[in-house]
Amino acid sequence: MKKSKTSCCDVRIVPEEESKCAICNKSGISLLEANHKELGYLMVCQECWKKLSEQNMLVSGSSGSCGCCS
Ligand SMILES: [Zn+2]
């Protein structure tokens with residue numbers, strides 16, 4: 001049975017073998033979920049997340065502060 005509960009604050013656990021940065025393809029690192037303005041949701045490393053955020057490529061408010069589950 002699959003859980004069909006949808007919550008924007010669900011923590012997504014990324015399997016080790018899939019934990020690869022969508023931007024630089026680095027693996028074996030902790031990834032952040034980034035809501036990219038053009039590409040949608042991506043799993044990126046902290047470095048790339050920072051870069052994207054500096055370039056203003058991330059949709060604001062995607063850093064876990066949605067307010068719906070607090
Ligand atoms: Zn990266």
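The model shown is predicted, which means the values in this text are computed figures rather than measured ones. (Residues numbered from 1 in each chain as written. Predicted model: local features only at pLDDT ≥ 70, side-chain atom pairs only at ≥ 80, totals over all residues.)

**Student:** Any chance you could explain the overall build of the chain here in plain terms?
**Tutor:** For the chain, the helix and strand inventory stands at 1 helix and 2 strands. Residue burial in the chain is summarised as follows: out of 70 residues, 11% are buried. Counting only contacts in the chain whose residues sit at least 6 apart along the sequence, the fraction spanning at least 24 positions is 29%. (Helix = DSSP H or I, 4+ residues; strand = E, 2+ residues; numbered from the N terminus. Buried ≥ 20, exposed ≤ 12 C-beta atoms within 10 Å, placed from the backbone. Contact = placed C-beta atoms within 7 Å.)

**Student:** Looking at this structure, how should I read the nonpolar core?
**Tutor:** Across soluble globular proteins, you tend to see nonpolar side chains buried next to one another. C21, L31, A34, V44, C45, C48, W49 and L52 together form the largest nonpolar core, which totals 8 residues. When residues of this core are traced back to their parent elements, those giving at least two are β1 (31-36), β2 (40-45) and α1 (46-54). (Core = buried A, V, L, I, M, F, W, Y, C linked by C-beta atoms within 7 Å.)

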